[in-house]
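For reference, the chains in residue letters:
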Amino acid sequence: MSEAPAILTRALSKTYKDVRALDNVNLELPANRIYGLLGRNGAGKTTLMSILTGQNFATEGEAEIFGHTPFEHDPTLSRICFIRESQKYPDDFKASQAFKAAAIFFENWNEELAQDLVRAFNLPVKRRIKKLSRGQLSAVGVIIGMASRAEITFFDEPYLGLDAVARQIFYDRLIEDFAQFPRTIVLSSHLIDEVSNLLEHVIVIDQGRIVINAEAEELQGAAFTVTGNAQKVAQFTAGCKVLHRDALGSLASLTVQGRLSDQQRREAAELGLDLSPVSLQQLVVRSTLNAAADQNGTMEQEARK
Ligand SMILES: Nc1ncnc2c1ncn2[C@@H]1O[C@H](COP(=O)(O)OP(=O)(O)OP(=O)(O)O)[C@@H](O)[C@H]1O
């Protein structure tokens, strides 16, 4: 029998009083890949990760990690590492003590990797955690998340306060270590362009709903922007799904969903139109803005009924 997926959710929903934080989320994610969980503030990323790590429970539907509901299931919880910004450590704990505790909890803990990262981040391990700077505090979480080598690790925006150099160290080390010790990584991030090279699969969540669930490779070239004379742009994009539209006098720039064929490239050249690729960040921004607009449209239609 093949192993259960690392993450499985079926019609998963979570409601906090009047907030629908997750709305019918269906995911089936195989193990040993790096997933990006992307979305705007309040989209539902932390809620999803907290349910998947057994720290919260669903209102409806199911969530499984390696085939088991994680909530209060110790054998499953011991396979999971969850690193979040609001991580609390016991008062007066030093970073070195936090690492010692993590080494006891995580059976795949690698002390050599932890020490290596301490040096790379220049972390004062003998200082009390509550005296650390915001970036140093993030480094403690990143080190635990990486050195745990847990079968599944959730990083919920682990880099807040980390400077650009430290973030690059995190990305480089993660890729390097993942290549040697493949495992399942779920990374939530707002710095989409920064992490886009890291991600193998992208999940975009918006207002509790999954709006993109696709291989990162598939998303490359999944949309393009065409710029030029407004009439010619309109002619070229007739019938296409428009994600975004900018107009300036007789010029127009349209971002369109879909892949460009060679024929379309030739046609654009004949019409004197410029074609440019759309980055993952732009694609996510456009998709979430459109999903919000569609939702508002639906709500307006509902209200008019
Ligand atoms: N304990 C709670 N009680 C009430 N509402 C909550 C609670 N936790 C989260 N929410 C709401 O649920 C929605 C989803 O929140 P969540 O923290 O999952 O978003 P997020 O995508 O992680 O956001 P961010 O990127 O800002 O961290 C938000 O509207 C939030 O205000």
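About the cut-offs
- Residues numbered from 1 in each chain as written.
- Predicted model: local features only at pLDDT ≥ 70, side-chain atom pairs only at ≥ 80, totals over all residues.
- Helix = DSSP H or I, 4+ residues; strand = E, 2+ residues; numbered from the N terminus.
- Buried ≥ 20, exposed ≤ 12 C-beta atoms within 10 Å, placed from the backbone.
- Near = placed C-beta within 6 Å.
- Nonpolar A, V, L, I, M, F, W, Y, C, P; charged D, E, K, R; others polar.
- Domains from an automatic or database assignment.
- Contact = placed C-beta atoms within 7 Å.
- UniProt positions renumbered as here; feature names shortened; annotations may be inferred.
- Pairing = 2+ DSSP bridges.
- Axes fitted to C-alpha atoms, helices over the stretch in contact; angles between N-to-C directions.

Under an unreviewed UniProt entry, the name given to the protein is ABC transporter ATP-binding protein, and the source organism is Glutamicibacter uratoxydans.

(A) Focus on unusual backbone geometry. The phi dihedral of Glu72 falls on the positive side, at around 55°, and the residue is not glycine. Along the chain, Glu72 falls in the loop between β4 (60-65) and α2 (74-77). Among the residues examined, Glu72 registers 9 C-beta atoms within 10 Å and is labelled exposed.

(B) View of the environment of Leu22. Counting through the fold element by element, Leu22 comes out in strand β2 (residues 19-29). Linking Leu22 and Ile205, residues 183 residues apart in sequence, is a C-alpha distance of 9.0 Å.

(C) Representation of the site of the ligand. Near the ligand, the surroundings consist of Tyr16, Val19, Ala21, Gly39, Asn41, Gly42, Ala43, Gly44, Lys45, Thr46 and Thr47. Going through the elements one at a time, β2 and α1 (45-52) are the ones with two or more residues in the shell around the ligand. For the shell around the ligand, the element with the highest residue contribution is α1, accounting for three residues. Among the residues forming the shell around the ligand, the class breakdown is four nonpolar, six polar and one charged.

(D) Highlighting the domain arrangement of the protein. We note that the domain assignment places domain 1 (7-218) and domain 2 (221-304) within the protein. Of note, the centres of domain 1 and domain 2, computed from C-alpha atoms alone, are 34 Å apart. Taken together, the contact between domain 1 and domain 2 spans 13 residues of the former and ten residues of the latter. Those elements that place two or more of their residues in the side of domain 1 that touches domain 2 are α7 (192-195), β8 (201-206) and β9 (209-215). The element that contributes the greatest number of residues to the side of domain 1 that touches domain 2 is β8, accounting for three residues.

(E) Geometry of the UniProt feature "domain: ABC transporter" (unreviewed entry) in the protein. Here, the residues flagged by UniProt with the feature "domain: ABC transporter" (unreviewed entry) are residues 7-232. Helix makes up 34% of residues 7-232 and strand 30%. Its end C-alpha atoms lie 46 Å apart.

(F) The sheet that holds strand β3 (residues 34-38), seen in detail. Read across the sheet, six strands follow the order β5-β6-β7-β3-β8-β9 without closing on themselves; strand pairing throughout is mixed. Bordering the open sheet on either side are β5 (80-84) and β9, each of which pairs with just one other strand. Adjacent strand axes in the sheet meet at a mean angle of 15° when their direction is disregarded. Relative to β8, β3 runs parallel, the two sharing four bridges. Residue Gly36 lies in a different strand from β8, and its bridge partner there is Val202. Packing of helix α5 (residues 134-147) onto the sheet brings it into contact with β5 and β6 (152-156), and relative to β5 it is tilted by some 165°.

(G) Structural detail: the pairing of β9. As defined by bridge partners, β8 adjoins β9 across six bridges and the pair is classed as antiparallel. Within β9, the position partnered with Ile205 by the bridge is Ile210. Counting the residues between successive antiparallel strands, the hairpin from β8 to β9 contains two residues, one of them, Gln207, with a positive phi of roughly 50°.

(H) Molecular detail of helix α10 (residues 262-271). Counting buried positions over the ten residues of α10 gives one, only a small fraction of the element. Just beyond α10, the residue with positive phi is Gly272, at close to 75°.

(I) Geometry of the environment of Gln168. With respect to the element layout, Gln168 can be found in helix α6 (residues 164-180). Overall, the presence of 12 C-beta atoms within 10 Å leaves Gln168 in the exposed class. Separated by 39 residues in the primary sequence, Gln168 and Gln207 have C-alpha atoms spaced 30 Å apart.

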